Amino acid sequence: MHNTVSNTATLTFEYGSANGSKIGYASSNVASTFFYEAISVNKISLGDSYYLNENITYIITIKNNSSSEVTGLKIKDNLGEYNPNKYKSGLNFIPLEYIGPSYIYLNGIFTGEISPAIEDGKLIFDIESLSSGSVLNIMYKVSVNDKALLKIGSKIKNTLQVFSDNTVDPVESSDFIKVAEKASVKIIKHMCPGTIV
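What comes next is a walk through the structure.

### A word on the pattern of salt bridges
Line of reasoning, step 1. For the structure on display, the rule yields four salt bridges.
Line of reasoning, step 2. Salt-bridge contacts for lysine 43 lead to aspartate 77; the nearest nitrogen and oxygen are separated by 2.4 Å. Placement of lysine 43 in strand S5 (residues 39–46) and of aspartate 77 in strand S8 (residues 70–77) is noted, with a sequence separation of 34 residues between them.
Line of reasoning, step 3. Lysine 43 gets classed as buried once you look at its relative accessible area, which sits at 2%.

Following this line, the structure appears as structure tokens:
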């Protein structure tokens, strides 16, 4: 993610004789450049909908935009945590459950598995360093549990934060998936008596 930095110069001047002077104005063109953060973060889900007990695959992408190595990367993923009642603080539900293992890729090449810590309902991945220009991907699965909202129009917002020794504030990325518009029907049939003569 980047921000645009723009700059314009403005000049005010006086011209003419002492008896009939006037004030003039001139503006320069707009000079623009882009300001890139040391790291950029993106998160996507494979699939755009969910339902109870279904699995969802997420992919985290982190790129080092700086000219030096980024160290001490800590990735925190909230697993869709939400509060159904905005008037009661602390009443938080977590609709996604982690399914291990997670897979890690560096510049598109699979490098192995990684196991996150799970603290307060959040996945925490620790990465020692990421060299300049490198792209890191982490792929993992979650299961939708009974805390997920299933009413039509409901969504799961999954947010992660990335901290590092090279950044002051965490870099965030979120992904939204909507509930699938389908019914879940189960039929159970019993026979009594169980034996017929």
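Structure's up, so let's keep going.
### Observations concerning the pairing of strand S9 (residues 96–106)
Line of reasoning, step 1. Sheet topology places S9 next to strand S13 (residues 135–144); eight bridges connect them, and they run antiparallel. Paired with leucine 106 across the bridge in S13 is leucine 136.
Line of reasoning, step 2. Bridge analysis of S9 against strand S10 (residues 109–114) gives five bridges, and the strand direction is antiparallel. Residue pairing across strands places tyrosine 103 opposite glutamate 113, the latter belonging to S10.

### Some details on the sheet that holds strand S6 (residues 49–50)
Line of reasoning, step 1. One open sheet holds the six strands; their spatial order is S6-S15-S14-S8-S12-S11, and the pairing between them is mixed. Of all the strands in the sheet, just S6 and strand S11 (117–119) have a single pairing partner and so form its edges.
Line of reasoning, step 2. Bridge count between S6 and strand S15 (residues 171–179): two bridges; the pairing is parallel. Counted as the bridge partner of serine 49 is lysine 178 from S15.

### Quick word on the side chain of asparagine 158
Line of reasoning, step 1. Relative to the helices and strands, asparagine 158 resides in strand S14 (residues 155–163).
Line of reasoning, step 2. A distance of 3.3 Å separates a polar atom in the side chain of asparagine 158 from a polar atom in the side chain of aspartate 77.
Line of reasoning, step 3. Apart from the residues lying within four places of it in its own chain, the contact partners of asparagine 158 are Lys43, Tyr58, Asp77, Asn78, Leu79, Gly80, Leu96, Tyr140, Ser173, Ser174 and Asp175.

### Considerations on the side chain of serine 45
Line of reasoning, step 1. Tracing the backbone through its elements, the reader meets serine 45 in strand S5.
Line of reasoning, step 2. Of note is the side chain of serine 45, whose polar atom sits 2.9 Å from the backbone oxygen of glycine 47.
Line of reasoning, step 3. Side-chain polar atoms of serine 45 contact the side chain of aspartate 175, separated by 2.8 Å.
Line of reasoning, step 4. Filtering out sequence-adjacent residues up to four positions away, serine 45 remains in contact with Ile56, Thr57, Tyr58, Asp175 and Ile177.

### As for the nonpolar core
Line of reasoning, step 1. In terms of nonpolar packing, the biggest core is built from 32 residues, with Ile62, Ile75 and Ile138 touching the most fellow members.
Line of reasoning, step 2. Listed by contribution, the elements that provide at least two residues to this core are S5, strand S7 (55–64), S8, S9, strand S12 (122–130), S13, S14 and S15.
Line of reasoning, step 3. Looking at this core element by element, the count peaks at five residues for S13.
Line of reasoning, step 4. Not counting the four nearest positions on each side in its chain, isoleucine 62 is found in contact with Ile39, Ser40, Val41, Ile75, Leu130, Ser134, Val135, Leu136 and Val162.

### Let's talk about the packing of aromatic side chains
Line of reasoning, step 1. Taken as a whole and assessed by the stated rule, the structure comprises six aromatic pairs.
Line of reasoning, step 2. Taken together, a centroid distance of 6.2 Å and an interplanar angle of 50° make the contact between tyrosine 98 and tyrosine 140 tilted. Of this pair, tyrosine 98 sits in strand S9 while tyrosine 140 sits in strand S13, and the two are 42 residues apart along the sequence.
Line of reasoning, step 3. With relative accessibility at 2%, the residue tyrosine 140 sits in the buried group.
Line of reasoning, step 4. One Lys or Arg, lysine 43, reaches over the ring of tyrosine 58 and ends 4.3 Å from the middle of that ring.

### A word on the sheet that holds S9
Line of reasoning, step 1. Strand order across the open sheet formed by five strands is S5-S7-S13-S9-S10, with antiparallel pairing between neighbours. Pairing within the sheet leaves two strands with one partner each, and these edge strands are S5 and S10. Taken over all neighbouring pairs, the strand axes of this sheet differ in orientation by 25° on average, direction set aside.

Here is what the cut-offs are and how they apply
- Residues numbered from 1 in each chain as written.
- Predicted model: local features only at pLDDT ≥ 70, side-chain atom pairs only at ≥ 80, totals over all residues.
- Heavy atoms only, no water.
- Salt bridge = Lys/Arg side-chain N within 4 Å of Asp/Glu carboxyl O.
- Helix = DSSP H or I, 4+ residues; strand = E, 2+ residues; numbered from the N terminus.
- Buried < 20%, exposed > 50% of the residue type's maximum accessible area, 1.4 Å probe, protein only.
- Pairing = 2+ DSSP bridges.
- Polar contact = N/O pair within 3.5 Å; in protein donor to acceptor, adjacent residues only side chain to side chain.
- Contact = heavy atoms within 4.5 Å.
- Core = buried A, V, L, I, M, F, W, Y, C linked by side-chain atoms within 4.5 Å.
- Phe/Tyr/Trp six-rings, centres within 6.5 Å; stacked < 30°, edge-to-face > 60°.
- Lys NZ or Arg CZ within 6 Å of the ring centre and 35° of its normal.
- Axes fitted to C-alpha atoms, helices over the stretch in contact; angles between N-to-C directions.

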